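Examining the three-dimensional arrangement
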Amino acid sequence: MSIPDLALGSEWTLLELLCLGLTTHSEQELFEELITSKNLQWGELLEQALRHKILPLLAFHSTSEQFAKRIPYFINNHLQTVLDLNRNKTTILRGEATRIVRSLNEKEVQFVGTKGITLESTLYAGNGSRYFSDIDFMVAPQYRDEVTNTLAQLNYQMGLFDWQTGKVRPHSRERMIGYKLNPDHLPTHVLLTYQPVIRYVEVDVANSLTWTRSDFQVPIEIALSKIVYQSIPDRTDVQMPCFSPKFQFIFTILHLFREAWIEVWLEWGQDVNLSKFADVVRLWNNYQSVINSADFIQTIEEFGIVEPILWVLEHLDRTLHTGIVPALGLEGKVTESWLFSAGSTDGKKRQWHGTMRERLHSKNRRQLFVSEDETQLNK
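Residues numbered from 1 in each chain as written. Predicted model: local features only at pLDDT ≥ 70, side-chain atom pairs only at ≥ 80, totals over all residues. Heavy atoms only, no water.

1. Regarding the nonpolar core
- With 92 residues, the main nonpolar core has Ile 35 and Leu 313 as its most contacted residues.
- By residue number, the principal contributor to this core is helix α10 (residues 245–261), which donates 10 residues.
- If we skip the residues at most four places from it in the chain, Ile 35 touches Leu 14, Leu 40, Trp 42, Leu 45, Leu 58, Ser 62, Phe 67 and Ile 71. (Core = buried A, V, L, I, M, F, W, Y, C linked by side-chain atoms within 4.5 Å. Buried < 20%, exposed > 50% of the residue type's maximum accessible area, 1.4 Å probe, protein only. Helix = DSSP H or I, 4+ residues; strand = E, 2+ residues; numbered from the N terminus. Contact = heavy atoms within 4.5 Å.)

Here it is as structure tokens:
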């Protein structure tokens, strides 16, 4: 790996360093130089960190004893509050995850925890630096009704939290039809906490490693047959089932691909961010000996998911110079046209322009996307 350049400004470079994990002396030196600079534009840094869901990660590193007195006083106070808030939310979500895991175990449901609830303690040392929005699980499709009933018994309601009323707003008829037509997820469930700050807990349950009618599928029964268990911090009575490192890596990449490739996520401002790439980087760093193997290559070839895997890893390598694709021996396996393709909501093939680094940095990504017809007209 090489350290990021400053082409997009000191603020962006700081975020890329956080994404890489500050694991080398050169990364740490550059971070120190930039975070203590008198010319640093804190407004831009905070906005981009917020957009990319790494504000708690920025807070953790910049408010450490090494830097707390070297950054602006009120910025430091704000970031300390951000970190405290995220730690509080993490504690609450761990407690709820424990309740859900215990109940699903009692009913012998086949499931795993995914994303933040498993990665925050294994890849981010359980220190509150991993952004949290909800608790994610993956269950085999035959357990959908059992999981829905279990969540209801635990006082979860199907819907979304309404900030104005403080109540759970049922999903609209249109949204419920969408769930029925695309049964790769259960409808979102919400628990009211009746606490003044963290007012609710949201749970998202997936039934697929990709999405309904995707050209790329991973047999969920195979992925769930490789379950490993890990501790939930501060909880001693239950362990969290999770994917093996190989399938954790595959699922994390496919989840990033899903939201980066399908155009509809642009409308929600959730198509791709540094947080998702940071998870991939850390999984590679932690489990490289397992992932960089003939077994991994055989698995992605057997399941026909080389293209989406490389869509993510090629863009990651080009953005942060991580060198994962050549390490896996997968150079040249996909075309440039594929790397800049996107799935459109209107059924038309689309392309996007620029680099992934420019796309991540952009605050108006819609302008980067054009349809195949528009591409022909512009020639």
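Let's pick the thread back up.
2. Thoughts on the pattern of salt bridges
- What the rule picks out here adds up to 22 salt bridges.
- Among the salt bridges present, the one from Glu 259 reaches Lys 276, with a minimum N-O distance of 2.4 Å. Of this pair, Glu 259 sits in helix α10 while Lys 276 sits in helix α12 (residues 274–291), and the two are 17 residues apart along the sequence.
- The exposure class assigned to Glu 259 is buried, which follows from its relative accessible area of 4%.
- Across the salt bridge formed by Arg 350 and Glu 263, the nearest N and O atoms sit 3.1 Å from each other. Linking Arg 350 in strand β11 (residues 349–352) with Glu 263 in the loop between α10 and α11 (264–267), this pair joins segments that are 87 residues apart in sequence. (Salt bridge = Lys/Arg side-chain N within 4 Å of Asp/Glu carboxyl O.)

3. Some details on the packing of aromatic side chains
- Summed over all chains, the structure comprises 19 aromatic pairs.
- For the ring pair Phe 257 and Trp 261, a centre distance of 5.4 Å and an interplane angle of 20° mean the geometry is stacked. Placement of the pair is Phe 257 and Trp 261 together in helix α10, with a separation of 4 residues, close to one helical turn. With respect to burial, Phe 257 and Trp 261 carry one shared label: buried.
- Arranged with centres 6.0 Å apart and planes meeting at 35°, the rings of Phe 257 and Trp 338 form a pair that is tilted. Here the residue Phe 257 occupies a position in helix α10, and Trp 338 occupies one in helix α16 (residues 336–339), the gap between them amounting to 81 residues.
- Connected via pairs of aromatic rings, a cluster forms that spans Trp 211, Phe 216, Phe 257, Trp 261, Trp 311, Trp 338, Phe 340 and Trp 352.
- Looking at Arg 359, its charged tip hangs above the ring of Trp 352, at a distance of 4.7 Å from the centre. (Phe/Tyr/Trp six-rings, centres within 6.5 Å; stacked < 30°, edge-to-face > 60°. Lys NZ or Arg CZ within 6 Å of the ring centre and 35° of its normal.)

4. As for unusual backbone geometry
- A positive phi angle is found at Lys 115, which is not glycine, with a value near 55°.
- With respect to the helices and strands, the residue Lys 115 is situated in the loop between β1 (111–114) and α6 (116–122).
- Unusually for a residue other than glycine, Asp 234 sits at a positive phi of about 70°.
- Relative to the elements of secondary structure, Asp 234 occurs in the loop between β8 (228–232) and β9 (235–242).

5. Quick word on the environment of Ser 10
- With respect to the helices and strands, the residue Ser 10 is situated in helix α1 (residues 10–20).
- Overall, the relative accessible area of 26% leaves Ser 10 in the partly exposed class.
- Those residues in contact with Ser 10, other than ones at most four positions away along the chain, are Leu 34 and Leu 40.

6. What to know about the confidence of the model for the chain
- Residues at a pLDDT of 70 or more form 96% of the chain, whose mean pLDDT is 94.
- Here residues 375–379 is modelled with pLDDT under 50, and outside its nearest four sequence neighbours on either side it reaches 1 contact, counting other chains as well. (pLDDT = per-residue confidence, 0-100.)

7. With respect to the packing of α1 against α12
- It is the contact of α1 with α12, at a shortest axis distance of 8 Å, that shows an interaxial angle of 35°. Of α12, the residues touching α1 (which contributes Trp 12, Leu 15, Leu 18, Cys 19 and Leu 20) are Leu 274, Phe 277, Ala 278, Val 281, Arg 282 and Asn 285.
- In the contact of α1 with α12, the residues fall into 9 nonpolar, 1 polar and 1 charged. (Axes fitted to C-alpha atoms, helices over the stretch in contact; angles between N-to-C directions. Nonpolar A, V, L, I, M, F, W, Y, C, P; charged D, E, K, R; others polar.)

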